[in-house]
Amino acid sequence: MEDSTETIEKFYEQLGLLVSSFKSKNNWIVVMGDFNGRIGVKLDGEDQVMGDWGFGERNECGKRIINFCSSQRLTIVNSFFKKRAKAKWAWCSPKGHKFELDYFLTNQTNLVKNLEIINSFNFNTDYRLLRVELNVEKFKEKRPFKVKKKTVILQEQIQIEKFCRDFSKYIENSQTCREENTSFTV
């Protein structure tokens, strides 16, 4: 059985490779889940990784999260939203200690409108759910206007002219047939 430190290192190594594989494609990167670490409050030099509203005290796993985000140029979105302390924790230990362990990491901080913990969820668990509201309207790209090629426009123009000629013939034939009281075809 692997040592838990080795397992954690392997996890962050694989996650780093996965995140890096999407960076070259200029994608929005979102990593979310229970990282089992406490990031605490922002320290000097962590402005690119954290906002001003961390929660609790940092532990070793929290340091790993910070280091991972720093190396991958991700931000911990949870720390960018000012919430009351009782609205930040997601897990309550058997001893009654409350921790923020679930995080939303991204390379596009402005992708997120709001992030909150759902206080009451009708399910038997010691966790509270993390809800994230995304601002996808801001990122919708408009499709570029495509100019039709001249040959396509010319073909459409020819079809319209043919339709007009045929319609004119139809009108002429219908008037002639009414006068003669006979059937007609185009």
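Residues numbered from 1 in each chain as written. Predicted model: local features only at pLDDT ≥ 70, side-chain atom pairs only at ≥ 80, totals over all residues. Heavy atoms only, no water.

**Student:** Please explain helix α2 (residues 60-72) as it appears in this structure.
**Tutor:** In an α-helix, one turn spans 3.6 residues; hence positions three or four apart end up facing the same way. Helix length check: α2, at 13 residues, gives a terminal C-alpha distance of 18 Å against a target of 18 Å (1.5 Å per residue), a fit within 8%. Within α2, the full set of buried residues consists of Cys61, Gly62, Ile65, Ile66, Phe68, Cys69 and Gln72. Looking down the long axis of α2, one finds its buried residues gathered within 160° of arc, a one-sided arrangement. When the buried face of α2 is taken as reference, the exposed residues oriented beyond 90 degrees from it are Glu60, Asn67 and Ser71. Packing partners of the buried residues in α2 comprise α1 (4-23), β2 (75-76) and β5 (102-106). The residue sitting at the N-terminus of α2 and contributing the capping side-chain oxygen is Asn59; that oxygen lies 3.3 Å from the backbone nitrogen of Cys61. Arg73 sits one or two positions beyond α2 and adopts a positive phi of about 60°. (Helix = DSSP H or I, 4+ residues; strand = E, 2+ residues; numbered from the N terminus. Expected span 1.5 Å × (residues − 1). Buried < 20%, exposed > 50% of the residue type's maximum accessible area, 1.4 Å probe, protein only. Arc of directions from axis to C-beta. Contact = heavy atoms within 4.5 Å. Polar contact = N/O pair within 3.5 Å; in protein donor to acceptor, adjacent residues only side chain to side chain.)

**Student:** Sorry, what's going on with the environment of Gly16 here?
**Tutor:** Within the element layout of this structure, Gly16 appears in helix α1. In this structure the C-alpha to C-alpha distance between Gly16 and Phe68, which are 52 residues apart in sequence, comes to 7.5 Å.

**Student:** Please explain the pattern of salt bridges as it appears in this structure.
**Tutor:** Under the defined criterion, the tally for this structure stands at six salt bridges. Salt-bridge contacts for Asp52 lead to Lys42; the nearest nitrogen and oxygen are separated by 2.6 Å. Pair noted here: Asp52 is in the loop between β1 (30-34) and α2 and Lys42 is in the loop between β1 and α2, with a separation of 10 residues, a long-range link. Taken together, the salt bridges that share partners define one network made up of Lys42, Asp47 and Asp52. (Salt bridge = Lys/Arg side-chain N within 4 Å of Asp/Glu carboxyl O.)

**Student:** Is there a simple way to explain the pairing of β5 in this structure?
**Tutor:** The side chains of a regular strand alternate, first on one face of the sheet and then on the other. Burial within β5 is extensive, with five of its five residues counted as buried. Side-chain alternation along β5 places Asp102, Phe104 and Thr106 on one buried face and Tyr103 and Leu105 on a second face that is also buried. Relative to β5, β1 runs antiparallel, the two sharing five bridges. Note that in β5 the partner of Val30 across the bridge is Thr106. Two strands pair when backbone bridges link them, and β2 and β5 are joined in this way by two bridges, in the antiparallel orientation. Following the sheet pairing, Thr75 is matched in β5 by Thr106. (Pairing = 2+ DSSP bridges.)

**Student:** Quick question: what am I supposed to make of α1 here?
**Tutor:** When the terminal C-alpha atoms of α1 are compared, their 29 Å separation across 20 residues agrees well with the 28 Å that a helix rising 1.5 Å per residue should span. All of the buried residues in α1 are Tyr12, Leu15, Gly16 and Val19. Take α1 and look down its axis: the buried residues cluster within an arc of 110°, on one side only. Of the exposed residues in α1, the ones pointing more than 90 degrees away from its buried face are Glu13 and Leu17.

**Student:** How do you make sense of the packing of aromatic side chains when you look at a structure like this?
**Tutor:** Where two aromatic rings form a pair, the distance of their centres and the angle of their planes describe that pair. Overall, the coordinates contain four aromatic pairs when judged by the stated rule. Judged by centre distance (6.5 Å) and plane angle (50°), the rings of Phe35 and Tyr103 are tilted. Taken as a pair, Phe35 in the loop between β1 and α2 and Tyr103 in strand β5 lie far apart in primary sequence, 68 residues in all. In this pair, the class of Phe35 matches that of Tyr103, namely buried. (Phe/Tyr/Trp six-rings, centres within 6.5 Å; stacked < 30°, edge-to-face > 60°.)

**Student:** I tried to follow the environment of Ile8 on my own but got confused; where do I start?
**Tutor:** Mapped onto the elements, Ile8 comes out in helix α1. We classify Ile8 as partly exposed; its relative accessible area is 25%. The residues touching Ile8, leaving out its near neighbours within four places in the chain, are Cys61 and Arg64.

**Student:** How do you make sense of the nonpolar core when you look at a structure like this?
**Tutor:** Across soluble globular proteins, nonpolar side chains have a tendency to be buried as a group. Grouped together as the largest cluster of nonpolar side chains are 17 residues, with contacts concentrated most on Ile76 and Leu105. Contributions of two or more residues to this core are made by α1, α2 and β5. Of all the elements, α2 adds the most residues to this core, at four residues. Setting aside anything within four residues of it in sequence, one finds Leu105 in contact with Ile29, Val30, Val31, Phe35, Phe68, Cys69, Leu74, Thr75 and Ile76. Counting five residues, the second largest nonpolar core, distinct from the first, contains Val77, Phe104, Val112 and Leu115. (Core = buried A, V, L, I, M, F, W, Y, C linked by side-chain atoms within 4.5 Å.)

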